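# A structural walkthrough
This is what each chain is made of:
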Amino acid sequence: MLRLGIVGLPNVGKSTLFNALTSAKAEAANYPFCTVEPNVGMVEVPDDRLTKLAEVVLPKRTVPAVVQFVDIAGLVAGASQGEGLGNKFLQNIRETDAIVHVVRCFEDPDVTHVMGSPDPARDKEIIELELALSDLATVEKRLDKVKRAARAADKEAVAELPALEAANTALSAGTPLWRAGLSKDHLAQLAGMLLLTAKPVLYAANVTEDELSGVEGKYLVALRAAVAASGEHAEVVPFSAKIEAELSELPPDERAEFLASLGIETAGLDRLILAGYHLLGLQTYFTAGEQEVRAWTIHRGDTAPMAAGVIHTDFEKGFIRAETASFVDFIAHRGWKLAREKGAVRSEGKEYVVHDGDVLLFRFNV
């Protein structure tokens with residue numbers, strides 16, 4: 001399951017986005033700090049292939065892949081020193097896979113901006129600095145302990161020390177680890193600390209309705225320029241919290257028509273989830289039987305036993321083989337029976353690398 005943590009300044013549209021994404025009712029108000037407890041919501045991953053598989057198999061239930069979103073209180077400049085509500089809520093997103101940084105890219109006199117007016121480059125830097133300072137406190141605490149152990153010739157501490165020192169140097173300068181140039185070995189050493197700025201980041205640009213179907217405005221252009229100038233390989237996903245909120249109130253069968261009436265091809269939610277999958281190198285495979293048709297999330301490059309382990313660890317331990325059909329073949333032959341008869345089902349072993357859209361049936365022995 002993909003887990004995304006939502007951060008941003010107050011009043012940039014975080015909680016409105018969260019409410020729309022999850023159809024939850026997290027408090028959204030025109031004043032800072034209205035979100036105190038973390039909001040956690042689950043969202044289905046949009047995938048038309050799952051519907052088509054269910055139409056063929058006619059299972060008792062259909063289970064999509066899901067994404068977990070965690071929304072926390074807005075950060076302000078000085079949060080690490082206790083400004084606003086401080087940064088204690090950052091602990092709630094340390095176990096997420098990636099950070100979604102919501103940036104306001106429009107002016108609205110009716111919605112207060114905590115810094116007076118939008119400035120995407122400045123707002124981006126404020127959040128980055130606060131995340132870096134939060135990580136710095138974590139690293140400094142660990143570094144002190146590891147230094148003492150290293151002086152006592154503890155081998156693990158000696159191995160960990162260079163990574164902590166490199167992270168400490170970067171974070172002390174206010175540089176997020178995602179652009180600090182740390183080596184893969186150093187990042188691997190730091191992985192267990194769940195540092196926020198070592199996570200991949202997506203920028204969700206909250207824009208006006210007109211920008212989604214027309215020319216990008218100056219604030220969105222400024223955000224793209226700031227991301228490019230920082231050297232990050234991060235995607236900027238424009239969305240309108242207002243439109244997403246309206247979409248969430250509509251029945252599913254009316255949403256496409258509503259988007260089309262606005263000249264918009266896809267919902268912001270769909271684009272955000274797909275960007276998250278792309279960012280983290282994720283893909284989907286399916287299982288299809290009379291009891292259940294289900295989508296499963298794995299990493300690109302995962303082998304068949306690793307894919308089986310997502311269902312249950314026993315499947316991976318006792319893996320024998322995977323009966324495999326491509327999504328296209330499975331649909332064309334209307335299920336397992338004819339696909340087997342036509343030779344479209346392969347028997348794959350432990351070395352098989354699963355492809356996006358594979359339909360798999362695992363054989364295992366516990």
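In case you missed it, the structure is sitting above this.
Residues numbered from 1 in each chain as written. Predicted model: local features only at pLDDT ≥ 70, side-chain atom pairs only at ≥ 80, totals over all residues. Heavy atoms only, no water.

## Observations concerning the overall build of the protein chain
As a reminder, the rule being used: Counting from the N terminus, the helices are DSSP H or I runs at least four residues long and the strands are E runs at least two residues long. Based on C-alpha atoms, the radius of gyration is set beside the globule rule, defined as 2.2 Å times the residue count to the power 0.38. Categorising residues by exposure relies on relative accessible area from a 1.4 Å probe, with only protein chains included: less than 20% of the type maximum marks a residue as buried, more than 50% marks it as exposed, and the intermediate range marks it as partly exposed. Residues count as neighbours in contact if any of their non-hydrogen atoms are within 4.5 Å of one another. Per-residue and other accessible areas were derived by the Shrake-Rupley procedure at a 1.4 Å probe size, with only the shown protein chains allowed to occlude residues.
Helices and strands together make up the secondary structure of the protein chain, namely 14 helices and twelve strands. Over its C-alpha trace the protein chain gives a radius of gyration of 23 Å, about what one expects of a compact globule, namely 21 Å for 366 residues. With the C-alpha coordinates of the protein chain rotated into their principal frame, the extents come out at 65 × 65 × 35 Å. The 366 residues of the protein chain split such that 50% are buried. Considering only intrachain contacts with a sequence separation of at least 6, the fraction spanning at least 24 residues in the protein chain is 69%. Summed over all atoms, the accessible surface of the protein chain reaches about 17600 Å², with 52% contributed by carbon and sulfur.

## Let's talk about the side chain of lysine 124
Assignment of secondary structure puts lysine 124 in helix H3 (residues 120-151). Apart from the residues within four sequence positions on either side, lysine 124 is in contact with His101, Arg179, Tyr203, Leu223, Ala226, Val227, Ser230 and Glu232.

## Brief notes about the packing of aromatic side chains
How we decide: Only centres within 6.5 Å qualify two rings of Phe, Tyr or Trp (six-membered ring in Trp) as a pair; their planes then separate them into stacked at under 30 degrees, edge-to-face at over 60, and tilted for everything else.
Scanning the model with the defined rule gives five aromatic pairs in all. Look at phenylalanine 286 and phenylalanine 327: their rings are 6.4 Å apart centre to centre, the planes differ by 45°, and that puts the pair in the tilted class. Taken together, the residues phenylalanine 286 in strand E8 (residues 282-288) and phenylalanine 327 in helix H13 (residues 327-332) connect sequence positions 41 residues apart. Take phenylalanine 286 and phenylalanine 327: they sit in the same class, and that class is buried. The interplanar angle of 65° and the centroid separation of 6.3 Å between the aromatic rings of phenylalanine 319 and phenylalanine 362 together place this pair among those described as edge-to-face.

## Observations regarding the nonpolar core
Using the following cut-off: The nonpolar core is taken to be a set of buried Ala, Val, Leu, Ile, Met, Phe, Trp, Tyr and Cys residues, with the residues joined through side-chain atoms within 4.5 Å.
In this structure, Phe69, Leu272 and Phe330 are the most contacted members of the largest nonpolar core, which totals 67 residues. By residue number, the principal contributor to this core is helix H10 (residues 268-280), which donates six residues. In this structure, leucine 272 is in contact with Leu17, Leu21, Phe69, Val100, Leu202, Ala204 and Val237, ignoring residues within four places of it in sequence. If you look at the next biggest cluster of nonpolar residues, it comprises 18 residues, including Val139, Ala157, Ala163 and Leu195.

## Details of helix H2 (residues 48-57)
Quick reminder of the rule: What the arc describes is the spread of directions from the helix axis to the C-beta atoms.
Residues of H2 that are buried include every one of Leu50, Leu53, Ala54, Val56 and Val57, and no others. Buried residues of H2, seen end-on, are gathered within an arc of 160° and therefore sit on one face of the element. Facing away from the buried side of H2 by over 90 degrees, the exposed positions are Asp48 and Glu55. Contact partners of the buried residues in H2: strand E3 (61-63), E8, strand E9 (292-299), H13 and strand E12 (359-364).

## A look at the pattern of salt bridges
Charged atoms that come close allow side chains of opposite charge to pair. Formally: A carboxyl oxygen of Asp or Glu within 4 Å of a side-chain nitrogen of Lys or Arg is what we treat as a salt bridge.
In the structure shown here, the tally under the stated rule is 20 salt bridges. One salt bridge in this structure joins arginine 49 and aspartate 356, with 3.0 Å as the shortest N-O distance. In this pair, arginine 49 is assigned in helix H2 and aspartate 356 in the loop between strand E11 (346-348) and E12, connecting sequence segments 307 residues apart. The class for aspartate 356 is partly exposed, based on a relative accessible area of 44%. Across the pair glutamate 128 and arginine 179 runs a salt bridge whose closest N-O atoms are separated by 2.9 Å. Of this pair, glutamate 128 sits in helix H3 while arginine 179 sits in the loop between helix H4 (155-172) and helix H5 (184-190); the two residues are 51 residues apart in sequence, bridging distant segments of the chain.

## What about the sheet that holds strand E7 (residues 236-239)?
For clarity, the threshold we go by: Pairing between strands is defined by DSSP: at least two bridges between them are needed. Between N-to-C directions, angles cover 0 to 180 degrees, with each direction set by a line fitted to C-alpha atoms, over the stretch in contact for helices.
The mixed open sheet is built from six strands, whose spatial order is E2-E4-E1-E5-E6-E7. The open sheet has two free edges, formed respectively by strand E2 (39-44) and E7, since each of these has just one partner strand. Put simply, the sheet's adjacent strands are angled 25° from each other on average, direction ignored. Examined bridge by bridge, strand E6 (residues 201-206) and E7 share four bridges and lie parallel to one another. Counted as the bridge partner of alanine 204 is valine 237 from E7. Running over the sheet, helix H1 (residues 14-22) touches strand E1 (2-7), E2, strand E4 (66-71), strand E5 (98-104) and E7 and is turned about 45° from E2. Against the sheet, helix H7 (residues 218-229) engages E5, E6 and E7, with an angle of about 165° to E7.

## Digging into the layout of surface pockets
As a reminder, the rule being used: Lining residues are defined by having an atom within 4 Å of a point belonging to a cavity or pocket. Those points lie on a 1 Å grid over the protein atoms alone, cavities being sets where a 1.4 Å probe fits but cannot get out and pockets being open sets with protein on both sides within 12 Å along at least five of seven lines. Grid points are joined across faces, edges and corners, and a volume is the space filled by probe spheres set on the points. As a working rule, the residues Ala, Val, Leu, Ile, Met, Phe, Trp, Tyr, Cys and Pro are called nonpolar, Asp, Glu, Lys and Arg charged, and the rest polar, with Gly in that last group.
Counted as a void, the second largest pocket has a volume near 450 Å³. Lining the second largest pocket are 16 residues, and of these Pro252, Arg255, Ala267, Leu269 and Asp270 sit closest to its centre. Going through the elements one at a time, H1, helix H8 (241-248), helix H9 (252-261) and H10 are the ones with two or more residues in the lining of the second largest pocket. Per-element accounting of the lining of the second largest pocket gives the leading share, four residues, to H9. Its residues assigned to classes, the lining of the second largest pocket shows nine nonpolar, three polar and four charged.

## A few points about unusual backbone geometry
Not every positive phi belongs to a glycine, and leucine 194 is a case in point at roughly 55°. Considering the arrangement of structural elements, one finds leucine 194 in the loop between H5 and E6. Looking at leucine 194, the relative accessible area reads 33%, which means it is partly exposed. Even without glycine at this site, arginine 334 takes up a positive phi of about 60°. Here arginine 334 shows up in the loop between H13 and helix H14 (336-341).

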